[in-house]
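# Structural features, examined
This is what each chain is made of:
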Amino acid sequence: MAHPIAPAATPAIAPISLKAIAPWAVFFGILLMALIYFVGAEQGATSLISGEDVHEWVHDGRHLLGFPCH
């Protein structure tokens, strides 16, 4: 006599609340905005850091994202 195989119980996935995600979303949003600033605008009259160091570090990324730089 064949015994029927019972389906395996899948564990319930608990939903993540918005209160738990919000601080991480804000953190990564600020980090992304800082990265976009340094890649897209850190040069010339608007630069926060003097010299050409930051410009040279993000130069290829600037071209890849379509920002003009020279």
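The structure displayed is predicted, hence computed values, not measured ones.

Right, let's get into the overall build of the chain. Check the secondary structure of the chain and you find 3 helices and 0 strands. Tracing the chain from N to C terminus, the helices and strands come up as α-α-α. Counting the 70 residues in the chain, one finds 13% classified as buried. Intrachain contacts of the chain at a sequence separation of at least 6 include 19% that bridge at least 24 residues.

The next thing to look at is the packing of aromatic side chains. The tally for this structure, following the rule as stated, stands at 3 aromatic pairs. Ring geometry for F27 and F28: centres 5.1 Å apart, planes at 65 degrees, overall edge-to-face. Three or more aromatic residues link up through ring pairs in this structure, and these residues are W24, F27 and F28.

On the surface, W24, F27, F28 and L31 cluster together into a nonpolar patch covering about 460 Å² of accessible area. Here L31 lies in helix α1 (residues 18-40). Of the residues examined, L31 reaches a relative accessible area of 47% and is grouped as partly exposed.

Moving on to the confidence of the model for the chain. Mean pLDDT for the chain: 80, with 84% of residues reaching 70 or above. Least confident of the elements in the chain is helix α2 (residues 53-57), whose mean pLDDT is 75; most confident is α1, at 90.

Criteria and thresholds
- Residues numbered from 1 in each chain as written.
- Predicted model: local features only at pLDDT ≥ 70, side-chain atom pairs only at ≥ 80, totals over all residues.
- Heavy atoms only, no water.
- Helix = DSSP H or I, 4+ residues; strand = E, 2+ residues; numbered from the N terminus.
- Buried < 20%, exposed > 50% of the residue type's maximum accessible area, 1.4 Å probe, protein only.
- Contact = heavy atoms within 4.5 Å.
- Phe/Tyr/Trp six-rings, centres within 6.5 Å; stacked < 30°, edge-to-face > 60°.
- Patch = residues over 30% accessible without salt bridge, like charges linked within 9 Å, V, L, I, M, F, W, Y side chains within 5 Å.
- Areas by Shrake-Rupley, 256 points an atom, 1.4 Å probe, with all protein chains shown as cover.
- Salt bridge = Lys/Arg side-chain N within 4 Å of Asp/Glu carboxyl O.
- pLDDT = per-residue confidence, 0-100.

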